[in-house]
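# Remarks on the overall topology
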Amino acid sequence: MPRLILLRHGQSQWNLENRFTGWVDVDLTAEGEAQARRGGELIAEAGFRPAVMFTSVLTRAKRTGALALSSAGLSNIPVVEDWRLNERHYGGLTGLDKAETALKHGEDQVKIWRRSYDIPPPPLEAGSEWDFSKDARYAGQAIPDTESLKTTLDRVLPYWNEAIAPRLQAGENVLIAAHGNSLRAIVKHLFDVPDDQIVGVEIPTGNPLEIELDADLKPVSARYLDAGRATELPAIS
């Protein structure tokens, strides 16, 4: 049976600064690098060897994956990057301090934007500092100007079906190094988590989530490799 590991990137500079990051390409902190390396050590201890690593086009995810593979002695593993594994686009909240945003708009409104399944933040203004429409990584793509978790899933799932699922169905092990919300979208799909529950699913940074799948890519078992930092997993039906 194929094995899948989901690895959320380590702490980034804007995580540390408590800012809405989304698609902004910030790097890891020293702590984030250590989390990534520790993730790799856990992957090696689990005897996991992926045939391929999928990641987003954002530095914090790519470097987390690379550091983990290096730490696991797996630096020769092929890597595939795609923007559809990017973090959720936070629209007009991008770059803002989370605490200051709560003071300005109210904690209840910010909680709705952050934690509701299908209500996105206000759109990012065209031509703003964080306008990604002219970024060469997204050339020719119809990229969003804001996203909810639902619309994040709407872009992640086709990529899963097109690129990732076929590798697993061929019996290959797969590592995905990505982001809290793009990985949450995959978890929702695999475990069939209800809309009103998925927003409460948290994937710890740098703690590999190993999922064993059957021939239909349904979870048979799931565990965090660092049990001491594990969070509750969705039920396996």
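Here the structure is a predicted model, which means the values were calculated and not measured. (Residues numbered from 1 in each chain as written. Predicted model: local features only at pLDDT ≥ 70, side-chain atom pairs only at ≥ 80, totals over all residues. Heavy atoms only, no water.)

A large share of strand 5 (residues 209-213) lies buried, amounting to 4 of its 5 residues. Here 4 bridges tie strand 1 (residues 3-8) to strand 5, and the two strands are oriented antiparallel to one another. In the strand pairing of strand 5, Leu 6 is matched with Leu 209. Sheet topology places strand 5 next to strand 6 (residues 219-224); 5 bridges connect them, and they run antiparallel. Note on strand 6: the bridge partner recorded for Leu 209 is Tyr 224. The turn linking strand 5 back onto strand 6 is made up of 5 residues, and Leu 217 within it adopts a positive phi angle of 60°. (Buried < 20%, exposed > 50% of the residue type's maximum accessible area, 1.4 Å probe, protein only. Helix = DSSP H or I, 4+ residues; strand = E, 2+ residues; numbered from the N terminus. Pairing = 2+ DSSP bridges.)

A few words on the sheet that holds strand 2 (residues 52-55). Read from one edge to the other, the open sheet built from 6 strands follows the order 3-2-4-1-5-6, with strand pairing classed as mixed. Of all the strands in the sheet, the pair left with one neighbour each is strand 3 (79-81) and strand 6. For this sheet the average axis-to-axis angle between neighbouring strands, irrespective of direction, equals 20°. (Axes fitted to C-alpha atoms, helices over the stretch in contact; angles between N-to-C directions.)

Turning our eyes to something else, we now look at the environment of Glu 17. If you trace the backbone, Glu 17 turns up in the loop between helix 1 (13-16) and helix 2 (30-45). Residue classification places Glu 17 among the partly exposed positions, given a relative accessible area of 32%. Linking Glu 17 and Leu 96, residues 79 residues apart in sequence, is a C-alpha distance of 9.9 Å.

This part covers helix 6 (residues 149-169). When the terminal C-alpha atoms of helix 6 are compared, their 26 Å separation across 21 residues is substantially less than the 30 Å that a helix rising 1.5 Å per residue should span. Every buried residue of helix 6 is accounted for by Leu 149, Thr 152, Leu 153, Arg 155, Val 156, Tyr 159, Trp 160, Ala 163, Ile 164, Ala 165 and Leu 168. Regarding helix 6, its N-cap is Ser 148, as a side-chain oxygen of that residue lies 3.3 Å from the backbone nitrogen of Lys 150 further along. Backbone geometry just after helix 6 places Gly 171 at a positive phi near 90°. (Expected span 1.5 Å × (residues − 1). Polar contact = N/O pair within 3.5 Å; in protein donor to acceptor, adjacent residues only side chain to side chain.)

For Thr 152, the position within the fold is in helix 6. Note on Thr 152: relative accessible area 0%, which makes it buried. Here the side chain of Thr 152 touches Ser 148 through a polar contact of 2.8 Å, landing on its backbone oxygen. Those residues in contact with Thr 152, other than ones at most four positions away along the chain, are Arg 88, Glu 147, Asn 181 and Ser 182. (Contact = heavy atoms within 4.5 Å.)

The subject of this paragraph is the packing of aromatic side chains. Aromatic ring pairs are described here by two measures, namely the spacing of the ring centres and the angle between the planes. Under the defined criterion, the tally for this structure stands at 7 aromatic pairs. Where Phe 20 meets Tyr 90, the ring centres are 5.4 Å apart and the plane angle is 50°; that geometry is what we call tilted. Of this pair, Phe 20 sits in the loop between helix 1 and helix 2 while Tyr 90 sits in the loop between strand 3 and helix 4 (98-105), and the two are 70 residues apart along the sequence. The residues Phe 20 and Tyr 90 share a single accessibility class, namely buried. Between the aromatic rings of Trp 83 and Tyr 138, the centroid separation amounts to 6.3 Å while the plane-to-plane angle is 85°, which identifies the pairing as edge-to-face. Taken together, the residues Trp 83 in the loop between strand 3 and helix 4 and Tyr 138 in the loop between helix 5 (107-115) and helix 6 connect sequence positions 55 residues apart. For Trp 83, a relative accessible area of 12% gives the class buried. (Phe/Tyr/Trp six-rings, centres within 6.5 Å; stacked < 30°, edge-to-face > 60°.)

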